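# Summary of the model geometry
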Amino acid sequence: MLEDYPKAIVTKDGTSVLLRPTVQNDEPALRRMFAKIPKQEQWFLRENLTDPELLHRWLETLDYNRILPIVAVKEEGGEIIANLRLYRSTSGCARHVAHLRVMVIPEFRSQKVGSWMILDAAKLAMDLGIEKLVAEFVAGLEDVAIKAALRLGFHEEAVLEDYVKDPEGNCRNLIIMVKTLQGQWGDF
């Protein structure tokens, strides 16, 4: 499963990047990456990994069977520019479903890093027997990511109206998108 890593990708601007599983030693680089996420976006992270203590605890208890985290690392300099987490259910009834979260630092959002990571996660999920990928997006804040997900074959499954609140107390819609995975990579 993870023996295929690291994997090399090239961004639109020609930057060489490696995709690989997150390890405990990534803590300082992840701290720097999450610090680059704009404050107005940090509130809708599933876990507040901008909190150094929470990030440390999460890395100390990495469990690839439950959450499979992948990072995108610039080959030159070793900077982590993106983080993807594939949340796998341990429940029998939902073992075929995984939830996906991706965070890319602003300067690389137009470079297709997130799209590469999602494609890689889809391949990894298929290798793990996952049949459905689920991603959640906040309407009005993640519209570019929603468009990218649509291009990658996700469809809008549901809209939960006024489901999340921003720091100012404004309600926003949560869009749930799903991609059904095929049995073979060629079917993607």
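Just so we're clear, the structure is a prediction, and the values are computed from it rather than from any experiment.

The rules behind each value
- Sequence order sets the numbering: in each chain, residues are counted from 1 along the sequence as written.
- Predicted model: local features are reported for residues with pLDDT of at least 70 only, side-chain atom pairs are reported and counted for 80 or more only, and whole-chain, interface and lining totals are derived from all residues.
- Only hydrogens and water are removed before side-chain values are computed, so all heavy atoms of the structure are retained for them.
- Lines are fitted to the C-alpha atoms to define the axes, a helix being fitted only along its stretch in contact, and any angle between axes, read from their N-to-C directions, falls within 0 to 180 degrees.
- The numbering of helices and of strands both runs from the N terminus, where a helix is a DSSP run of H or I of at least 4 residues and a strand a run of E of at least 2.
- Should an angle fall under 35 degrees it is taken as roughly parallel, and over 145 as roughly antiparallel, whereas 65 to 115 is taken as roughly perpendicular and any remaining angle as oblique.
- Put simply, a crossing is left-handed when the front helix is turned counterclockwise from the back one by less than a right angle, and right-handed when it is turned clockwise.
- Any two residues whose heavy atoms approach within 4.5 Å are treated as being in contact.
- Remark: exposure states derive from per-residue accessible area (1.4 Å probe, protein chains only) relative to the maximum for the residue type, with buried under 20%, exposed over 50%, and partly exposed in between.
- To be clear, the arc concerns the directions from the helix axis to the C-beta atoms.
- DSSP calls a pair of strands paired once it identifies at least 2 bridges connecting them.
- The definitions used throughout rest on a 1 Å grid laid over the protein atoms alone, on which a cavity is an enclosed set of points accommodating a 1.4 Å probe that cannot get out and a pocket is an open set flanked by protein within 12 Å on both sides along at least five of seven lines; lining residues are those having an atom within 4 Å of a point.
- Grid points are joined across faces, edges and corners, and a volume is the space filled by probe spheres set on the points.
- Residue polarity follows a fixed list, in which Ala, Val, Leu, Ile, Met, Phe, Trp, Tyr, Cys and Pro are nonpolar, Asp, Glu, Lys and Arg are charged, and the others, Gly among them, are polar.

Viewed as axis vectors pointing N to C, helix α1 (residues 27-35) and helix α3 (residues 52-60) meet at an angle of 135 degrees, and their least axial separation amounts to 11 Å. Classified by the angle between their axes, α1 and α3 sit oblique to one another. Relative to α3, α1 is oriented so that their crossing is right-handed. Contacts from Glu27, Leu30 and Arg31 in α1 reach Pro52, Leu55, His56, Trp58 and Leu59 in α3.

All of the buried residues along helix α5 (residues 143-151) are Ile146, Ala148 and Ala149. Down the axis of α5, the buried set is contained in an arc of 160 degrees. They therefore lie on one face. Pointing more than 90 degrees away from the buried face of α5 are the exposed residues Val144, Lys147 and Arg151. In the core, the buried residues of α5 are packed alongside α4 (113-127), β6 (132-138) and β8 (171-180).

Here we take up the sheet that holds strand β5 (residues 97-104). On the basis of which strands lie adjacent, the open sheet formed by 8 strands has the order β1-β2-β3-β4-β5-β6-β8-β7 and mixed pairing. Each end of this open sheet is capped by a strand with a single partner; those strands are β1 (7-10) and β7 (155-165). On average, each strand axis in the sheet is inclined to that of its neighbour by 25 degrees, with strand direction left out of account. Sheet analysis places strand β3 (residues 67-74) next to strand β4 (residues 80-88), joined by 7 bridges and oriented antiparallel.

Here we come to the layout of surface pockets. By volume, the largest pocket amounts to about 610 Å³. For the largest pocket, the lining is made up of 28 residues, of which Val104, Arg109, Val144, Ala145 and Ala148 are closest to its centre. Counting residues per element, the ones that place at least two in the lining of the largest pocket are β5, α4, β6 and α5. Estimated volume of the second largest pocket: approximately 170 Å³. The wall of the second largest pocket is formed by 11 residues, among which Phe44, Glu136, Val138, Val164 and Leu174 lie closest to the centre. For the lining of the second largest pocket, the leading source of residues is β6, giving 3 residues. The class makeup of the residues in the lining of the second largest pocket is 7 nonpolar, no polar and 4 charged.

All quantities given are derived from atomic positions and should not be read as evidence of function.
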